[in-house]
Amino acid sequence: MTRSLLSIAELGDVGLRRLLELSDHMAEVNRRPNPKVPALRGKTVCNVFFEDSTRTRLSFETAAKRLSADTMNFAVSQSSLSKGESLRDTIETIAAMGVDAFVIRHKSSGAPWQLGEWTNASVINAGDGWHAHPTQALLDMYTVRTALNRTVTSSAGGFDGLRVAMVGDIKHSRVARSTTEAFKLLGADITWVSPRTLLPPEHDEHVATNLDDVIDDIDVLYLLRMQNERMNEALVPSLREYTTRFGLTPTRAGRLGQDVLVMHPGPMNRGVEMAVDPGELSGNVINQQVTNGINVRMAVLFDLLGSGSEHSLAGSSE
Amino acid sequence: MNTPSSAGDAGKQVLGPDDVRRAITRMAHEIIERNRGTAGVALVGIQTGGVWVVEALAAEIARIDDAADPVQIGSVDASLYRDDIGLRPVSPGSVSDLTFTVDGITVVLVDDVLYTGRTVRAAIDAIGDYGRPKAVQLAAIVDRGHRELPIRPDFVGKNLPTSADEIVSVTADGVTIS
C-alpha cells in the first residue's frame, strides 16, 4: 500500500488532525538532548527539488535524519536532466535504487501526481507551481495550535472563531491555497487581503483591499512574500505602494493586539510586506514556524513510511 | 496493553477490584523493599496502559512510606522504537512525559499487561535515549506469558496463563479475559 501526501484537500480533515497529533510526538523527540529515534531505519527518502529551496529541503532532510531514514538529494542542475534525460526516466532510475519516498518540488502544478504514476514509492508534495504546499499548511496549523494552546486532536476541537487575515499575492501562492484550505478545515474564518490583481479569478473567500480594514479585528496576521516578478508583470504599481496598503508598517504594528500571531512562510522581504523588525512584535511566531516544520515533516514521513496494513502482522501483538 | 472490553462484553472476570488493589499494594511494598526505599527511584509508565498503574503505585508508596520523598513518576511512549514499524497502522499513544533526568537513577518500567515483551524492549530503548539509568526494573499487574524476547518482570501482580487469542483487560475495576 503506497500512500502519498499531495494536497490538504486529499489529506482531509481526519488526516490533518491525525498528523497534528502525531507532530506532538515528534516535537517531544526534538526537545531531547539527542533528538533522534530509530523509527525509519532502513528507509530511504529522496529529495527532488526542481526549484530553489533552502528551508523546505533542509527541513525535510533533517526530519528524515531524525527518524533515522537515509536521505538522497537530487540536484537537478547537476543531473542527467541537463543531458536531456526525461523526468520520467530520471525518476524511474532513482526509484530502481530503492527509494521509499520522493519529496518533490516542481514549478509545474500537478507534477507530484504525475510522479506518483511512475513510481510505487510514496510521494510528498513540497510545493508544485501555484497549486499546493501541504507541509507548509501543516506547520502553520501546528504553530497556531501550539502558540494559542488550542485543543485540536484527531477527535475534537478546532479553530472555531479564529479570525485570520492572509495578506499578499494570493493568486500566485501555493502557500496561500494550502494554508487557507487547512484553516478552513479546522473552522477558522479567513480573509484574503490583497490587490484585486493578485486574487484568483474564482473564489468564495472574504476579501479586503486594504490591511487597515481588518487589522483591528484579527487573531492571526499571515503575511505572504511579495515577489518582485509581479512588478514586471504590472500587477502592482510599485513595492512602495504595496507596502503603503498591505505592508506591516510601524503604524500598523502599533495597532496590532498583543496576542495577535504574526506569521510568514519565508523568505521574507524586509521593508516590503514586513516593514518592521519582526523580533519586536509580541506575537511573532515566524521562527516557531521553521522549528515546527521539522516536527510536522517527521510526522508526515512516519505516517507514510511507518505504517502498514491492519493484517500484515498476523498472530503477533503488543 | 490490550483493548479494554466494552460493557456487556462476555469477558470473564478473573480478578476483582479488591484483588487489583491488593496486588498494587504488594507491588508497592516490593518496590520499596527491593530498592531500600524510593530515593533515586522513578516509576515510568509505558503509554498508555501503564500510566494509571504508575499513579496507583505512587499513591500507594506515598501511603506506605510517608517519610520518604515522593517518588518521581513519568511516562514513555515506545511507538517510535517498535520492531513492527511498517507492519501495522501507526497508532501512538500519548506523548512521552519524562521531566527528570534518568542518568544514574533506577527506572521502574510499569505496564498493565506483560505479554510478548516487545513493547518493553522498545520502552527500554526509548529510556536509553534520555540517559543512562543505573538500573531498569519491570513491573506489571498481569503477566500473561507468551514471551518472545528474553525479558522477565521484577514485580508481578498476578501470573495469568492465557492462550494467544485471548484479550486481557486490566483496570482498577478488575482483570477480565475475553
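Quick caveat: nothing in here was measured; it's all calculated off a predicted structure.

K.L.:
When you look at the overall build of chain A in this model, what are you seeing that I'm missing?
P.N.:
When you go through chain A residue by residue, the secondary structure sums to 10 helices and nine strands. Rg of the C-alpha trace for chain A: 20 Å, near the compact-globule value of 20 Å for 318 residues, within the 12% margin. Along the first, second and third principal axes, the C-alpha atoms of chain A reach 60 × 50 × 40 Å. By residue count, 44% of the 318 residues in chain A fall in the buried class. Pairs at least 24 residues apart make up 75% of the contacts formed inside chain A by residues separated by at least 6 positions.

K.L.:
Explain the overall build of chain B here, please?
P.N.:
Across its full length, chain B carries three helices and eight strands. Along chain B, from the amino end to the carboxyl end, the secondary structure elements read β-α-β-α-β-β-α-β-β-β-β. Taking 178 residues into account, the globule formula puts the C-alpha radius of gyration at 16 Å, and chain B, at 16 Å, falls close to it. Projected onto its principal axes, the C-alpha positions of chain B cover 45 × 40 × 25 Å. Considering only contacts within chain B whose residues lie at least 6 apart along the sequence, 75% involve residues at least 24 apart.

K.L.:
Help me understand the sheet that holds strand E8 (residues 174–177) of chain B, please; the structure alone is not making it clear to me.
P.N.:
Hydrogen bonding along the main chain pairs the strands of a sheet, whether they run parallel or antiparallel. All names here are of chain B. Taken in spatial order, the three strands of this open sheet run E1-E8-E7, and their pairing is antiparallel. Each edge of the sheet is formed by a strand with only one pairing partner; in this case those strands are strand E1 (12–15) and strand E7 (168–171). Geometrically, the sheet is characterised by an average inter-axis angle of 25° between neighbouring strands, direction not taken into account. Two elements, E1 and E8, share three bridges in a ladder whose sense is antiparallel. Among the inter-strand pairings, Leu 15 is bridged to a residue of E8, identified as Val 175.

K.L.:
Looking at this structure, how should I read the domain arrangement of chain A?
P.N.:
Think of interface size as the accessible area that goes away when the parts come together; that is how it is often given. Residue and element names in this part refer to chain A. In terms of domain boundaries, chain A breaks down into domain 1 (8–132 + 291–305) and domain 2 (134–286). Each partner contributes to the interface: domain 1 provides 26 residues, whereas domain 2 provides 21 residues. Contributions of two or more residues to the side of domain 1 that touches domain 2 are made by helix H1 (8–30), strand E4 (122–128) and helix H10 (286–305). Ranked by residues supplied to the side of domain 1 that touches domain 2, first place goes to H1 with 11 residues. Among the residues forming the side of domain 1 that touches domain 2, the class breakdown is 11 nonpolar, eight polar and seven charged.

K.L.:
Explain the pairing of strand E2 (residues 70–75) of chain A here, please?
P.N.:
Every other side chain in a regular strand lies on the same face of the sheet, so the side chains alternate between the two faces. When strand E1 (residues 44–49) of chain A meets E2(A), the two strands line up parallel, connected through six bridges. Bridge pairing in E2(A) links A:Val48 to A:Phe74.

K.L.:
Honestly, the environment of A:Ile124 in this entry has me stumped. Any pointers?
P.N.:
All names here are of chain A. Relative to the elements of secondary structure, Ile 124 occurs in strand E4. Here Ile 124 falls in the buried class, since 23 other C-beta atoms lie within 10 Å of it. Sequence spacing of Ile 124 and Leu 235 is 111 residues, and the spatial spacing of their C-alpha atoms is 32 Å.

K.L.:
Teacher, can you tell me more about the nonpolar core here?
P.N.:
Side chains of a nonpolar character, in soluble globular proteins, are inclined to be buried together. Counting residues in hydrophobic clusters, the biggest one holds 140 residues, and the most contacted among them are A:Met166, A:Leu301 and B:Leu57. Taken domain by domain, this core gets at least three of its residues from each of domain 1 (8–132 + 291–305) and domain 2 (134–286) of chain A. Apart from residues no more than four positions distant in its own chain, A:Leu301 is found in contact with A:Leu40, A:Val45, A:Ala63, A:Ala64, A:Leu67, A:Ala69 and A:Ala101.

K.L.:
Would you mind showing me how to read the environment of B:Leu109 here?
P.N.:
Residues and elements named next belong to chain B. In this fold, Leu 109 is placed in strand E4 (residues 106–114). In this structure Leu 109 comes out as buried when scored by C-beta crowding, with 27 C-beta atoms within 10 Å. On a C-alpha basis, the gap between Leu 109 and Gly 174 in space is 21 Å, while along the polypeptide they are 65 residues apart. Setting aside residues no more than four positions away along its own chain, Leu 109 makes contact with Val 44, Ile 46, Val 120, Ala 123, Val 136 and Leu 138.

K.L.:
Would you mind going over the packing of helix H2 (residues 55–66) of chain A against H10(A) with me for this structure?
P.N.:
The angle between the axes and the distance between the axes are what describe a pair of packed helices. All names here are of chain A. Look at H2 against H10: their axes get within 8 Å of each other, and the N-to-C directions meet at 55°. Taken together, the axes of H2 and H10 are oblique relative to one another. H10 is crossed by H2, and the crossing has right-handed handedness. The segment H2 lies against H10, with Arg 55, Ser 59, Phe 60, Thr 62, Ala 63, Ala 64 and Arg 66 engaging Val 290, Gly 293, Ile 294, Arg 297, Met 298 and Leu 301. Of the residues belonging to the contact of H2 with H10, the class tally is seven nonpolar, three polar and three charged.

K.L.:
Just to check I follow, could you spell out the environment of A:Thr62 for this structure?
P.N.:
Structurally, A:Thr62 can be placed in helix H2. Residues A:Thr62 and A:Arg297 lie 235 residues apart in sequence; the distance between their C-alpha atoms is 9.0 Å.

K.L.:
Would you explain the sheet that holds strand E9 (residues 261–263) of chain A in this entry?
P.N.:
Residue and element names in this part refer to chain A. Reading across the sheet, the five strands line up as E7-E6-E5-E8-E9 and stay open at both edges, with parallel pairing between neighbours. The sheet terminates laterally at strand E7 (206–208) and E9, the two strands that pair on one side only. Between one strand axis and the next, the sheet turns through 20° on average, direction left out of account. Looking at chain direction, strand E5 (residues 163–167) and strand E6 (residues 189–193) are connected through five bridges and run parallel. Residue Arg 163 lies in a different strand from E6, and its bridge partner there is Asp 189.

K.L.:
When you look at unusual backbone geometry in this model, what are you seeing that I'm missing?
P.N.:
Glycine aside, negative phi is the norm for most residues, and most peptide bonds take the trans geometry. Here the residue pair A:Gly266 and A:Pro267 is connected by a cis peptide bond, since its omega of -10° sits within 30 degrees of zero. That bond from B:Gln47 to B:Thr48 is cis: its omega, 0°, falls within 30 degrees of zero. Mapped onto the secondary structure, B:Thr48 falls in the loop between strand E2 (41–46) and helix H2 (49–64). Even without a glycine there, the phi angle at A:Asn149 is positive, about 55°.

Analysis parameters
- Residues numbered from 1 in each chain as written.
- Chains lettered and ligands numbered in written order.
- Predicted model: local features only at pLDDT ≥ 70, side-chain atom pairs only at ≥ 80, totals over all residues.
- Helix = DSSP H or I, 4+ residues; strand = E, 2+ residues; numbered from the N terminus.
- Rg over C-alpha atoms; globule rule 2.2 N^0.38 Å.
- Buried ≥ 20, exposed ≤ 12 C-beta atoms within 10 Å, placed from the backbone.
- Contact = placed C-beta atoms within 7 Å.
- Pairing = 2+ DSSP bridges.
- Axes fitted to C-alpha atoms, helices over the stretch in contact; angles between N-to-C directions.
- Domains from an automatic or database assignment.
- Nonpolar A, V, L, I, M, F, W, Y, C, P; charged D, E, K, R; others polar.
- Core = buried A, V, L, I, M, F, W, Y, C linked by C-beta atoms within 7 Å.
- Parallel < 35°, antiparallel > 145°, perpendicular 65-115°, else oblique.
- Left-handed = near helix turned anticlockwise from the far one by under 90°.

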